[in-house]
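Residue-level structural notes
In case you want the letters, here they are:
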Amino acid sequence: MKLKVLIVDDERPARAKVRRFVAADPDVGPIFEAPDGVRAVDLIREESPDIAFLDVQMPGLDGFDVVEALAPDALPHVVFVTAFDDYAVRAFDMHAVDYVMKPFDAERLGRALARAKAAIASGRDGGGPHVEQLLADLRRDQPERLERLLVQGAERSVLLPVSRVDRLESARNYVVLHAGRETFRVRSTLDRLELRLDPRRFVRVSRTAIVNVDRVAELKPWSHGDWVVVLTDGAKLRLSRTFRDRLERFGP
């Protein structure tokens, strides 16, 4: 069976270069292209490609965001295409993730494709714990504040500005975002999102909830030293003693 390949890059010439090299391989069948991370997520969900050549640095949703948006068992074998520095390359090596440094030639891309094919033939996949550990290491050492989150819309994935989010609540392997009358689920954890949210705008109020401080209407005493956070939409969340000082710093 021919392999499905997805090429993700915001620059058309870069996609064309990868396509030209990959199409010459007799084991490659359908080739899909995505000009951005949002379209890449939708194509992976719709077409289930076997291999994805994924540019790391893209506006809006970068290559790491694409991987984070998908469940490990839904990931194709990912070959990162990157111009990152030596630190990132060491991280890729440590976690056995394929990568191609820009600028690249046909020989280098061919080796990455061959490794991906070998991994598929042996039953290994491109996701799993090693990719998640890579992302955790890079996010911890090179944090970047979230401005938008990828969510599933009615017909396709969309980028939701975090400024619209009233609160975030954990739900096992997902986080539920409440934005006005709408709710969305993203595949992540509160701990991971907390690291990337602006602490001047979002505050952890309990083990299972984060609130947008602009949506806090009042605090009410409850019991045993705990309080209730009342949001402008009427939602009520318990503020545990452990997290109380985080919210109180916004007081007068």
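Below is a summary of the structure that appears in this document.

Calculation notes
- Residues numbered from 1 in each chain as written.
- Predicted model: local features only at pLDDT ≥ 70, side-chain atom pairs only at ≥ 80, totals over all residues.
- Heavy atoms only, no water.
- Pairing = 2+ DSSP bridges.
- Helix = DSSP H or I, 4+ residues; strand = E, 2+ residues; numbered from the N terminus.
- Axes fitted to C-alpha atoms, helices over the stretch in contact; angles between N-to-C directions.
- Contact = heavy atoms within 4.5 Å.
- Core = buried A, V, L, I, M, F, W, Y, C linked by side-chain atoms within 4.5 Å.
- Buried < 20%, exposed > 50% of the residue type's maximum accessible area, 1.4 Å probe, protein only.
- Phe/Tyr/Trp six-rings, centres within 6.5 Å; stacked < 30°, edge-to-face > 60°.
- Lys NZ or Arg CZ within 6 Å of the ring centre and 35° of its normal.

So, the sheet that holds strand E4 (residues 77-82)
- With parallel pairing, five strands are arranged side by side in an open sheet as E2-E1-E3-E4-E5. Edge positions in the sheet fall to strand E2 (28-34) and strand E5 (98-101), since each of these pairs with one other strand and no more. Strand-to-strand twist in this sheet, taken as the mean axis angle between neighbours without regard to direction, amounts to 20°.
- With five bridges joining them, strand E1 (residues 3-8) and E2 adopt parallel strand pairing. Within E2, the residue paired with Leu6 across the bridge is Phe32.
- Those strands touched by helix H1 (residues 12-23) are E1, E2 and strand E3 (51-55), and its axis lies near 175° from that of E2.
- In the packing of helix H2 (residues 37-47) onto the sheet, contacts are made with E1 and E2, and the angle to E2 comes to roughly 150°.

Some thoughts on the environment of Ala23
- Here Ala23 shows up in helix H1.
- Each C-alpha atom, one on Ala23 and one on Val5, is 9.3 Å from the other, the two residues being 18 residues apart in sequence.

Some details on unusual backbone geometry
- The omega torsion across Lys102 and Pro103 is -5°, close enough to zero to call that bond cis.
- Structurally, the position occupied by Pro103 is in the loop between E5 and helix H5 (106-121).
- Positive phi, normally seen in glycine, also occurs at Ser48, with a value near 50°.
- With respect to the element layout, Ser48 can be found in the loop between H2 and E3.

Overview of the side chain of Ser206
- Tracing the sequence through the fold places Ser206 in strand E11 (residues 202-206).
- The residues touching Ser206, leaving out its near neighbours within four places in the chain, are Arg238, Ser240 and Phe243.

Regarding the nonpolar core
- Leu6, Val8, Val41, Leu54, Val66 and Phe80 are the most contacted members of the largest nonpolar core, which totals 25 residues.
- Those elements that provide at least two residues to this core are E1, E2, H2, E3, helix H3 (63-68) and E4.
- The dominant element in this core, judged by the number of residues it contributes, is H2, at five residues.

Notes on the packing of aromatic side chains
- Inspection of the entire model under this criterion finds one aromatic pair.
- Measuring from ring centre to ring centre gives 5.3 Å for Phe64 and Phe80, while their planes differ by 70°; the resulting arrangement is edge-to-face. Here Phe80 lies in strand E4 and Phe64 lies in helix H3, a separation of 16 residues in the sequence. The burial state of Phe64 is the same as that of Phe80; both residues are buried.
- Between Lys17 and the ring centre of Phe104, over which it is positioned, the NZ or CZ distance is 4.6 Å.
- The ring of Phe21 has Arg20 lying over it, and the distance from NZ or CZ to the ring centre is 5.4 Å.

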